[in-house]
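So the chains spell out like this:
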Amino acid sequence: MPRSDNSQIPTDIPTIRVVAMPTDTNPAGDVFGGWIVSQMDLAAGTTAAFRANGRCATIAINSLVFMEPVVVGDEVSIYTRIIRAGRTSLTIHVETWRRARHTHLTSKVTEGEFIFVALDENRRPRPLPPAQPGDELPEIVPPNAG
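These numbers come from a predicted model, not from an experiment.

Visitor: Requested: an account of the side chain of S107, with residues and values cited.
Guide: One can find S107 in strand β5 (residues 106–118). By relative accessible area, S107 is classed as buried at 4%. For S107, the side chain forms a polar contact with the side chain of E68, separated by 2.8 Å.

Visitor: I'd like a rundown of the environment of R124, residues and numbers included.
Guide: Mapped onto the elements, R124 comes out in the segment after β5. As a C-alpha pair, R124 and C56 span 68 residues in sequence and 9.9 Å in three-dimensional space. The residues contacting R124, other than those within four sequence positions of it, are A118 and L119.

Visitor: An account of helix α1 (residues 33–52) is requested, with residue identities and associated values reported.
Guide: Between its first and last C-alpha atoms α1 spans 28 Å; for 20 residues at 1.5 Å apiece the expected length is 28 Å, and the two agree. Where α1 is concerned, the buried positions are W35, I36, V37, Q39, M40, A43, A44, T47, A48, R51 and A52. Against β1 (16–19), β2 (56–66), β3 (75–85), β4 (89–99) and β5 lie the buried residues of α1.

The rules behind each value
- Residues numbered from 1 in each chain as written.
- Predicted model: local features only at pLDDT ≥ 70, side-chain atom pairs only at ≥ 80, totals over all residues.
- Heavy atoms only, no water.
- Helix = DSSP H or I, 4+ residues; strand = E, 2+ residues; numbered from the N terminus.
- Buried < 20%, exposed > 50% of the residue type's maximum accessible area, 1.4 Å probe, protein only.
- Polar contact = N/O pair within 3.5 Å; in protein donor to acceptor, adjacent residues only side chain to side chain.
- Contact = heavy atoms within 4.5 Å.
- Expected span 1.5 Å × (residues − 1).

Laid out in structure tokens, this is it:
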């Protein structure tokens with residue numbers, strides 16, 4: 001499969017996959033960086049809430065880098081990986097990849113680190129539950145797996 005050489009595409013299943021639409025663009029026709037960041041935050045939040053077994057909030061975004069634009073019709077895939085877990089917080093590495101419409105050409109467009117804190121019912125920080133094998137993302141079960 002042809003792809004750009006800016007990095008190796010992740011082999012994991014993306015946390016989020018979406019198609020960029022005309023309403024997501026700026027006047028130049030490129031997808032707003034803010035839209036991409038919001039999709040990254042949704043993906044990272046999904047991973048954080050699953051690992052924390054409950055509510056989490058974004059408290060920081062570190063080292064966010066935009067590498068190339070996304071255009072209308074691109075399939076946007078966002079991959080997440082927990083890289084650090086503290087007592088109440090998680091740091092999640094997030095990569096955004098685009099696939100040009102009607103092609104197999106893929107390239108990394110954005111990456112960064114998102115930091116979340118686990119919250120209790122009063123929206124105060126709470127300790128993370130003990131780590132369990134496979135708790136970073138839900139297991140994908142094939143439809144005919146029984």
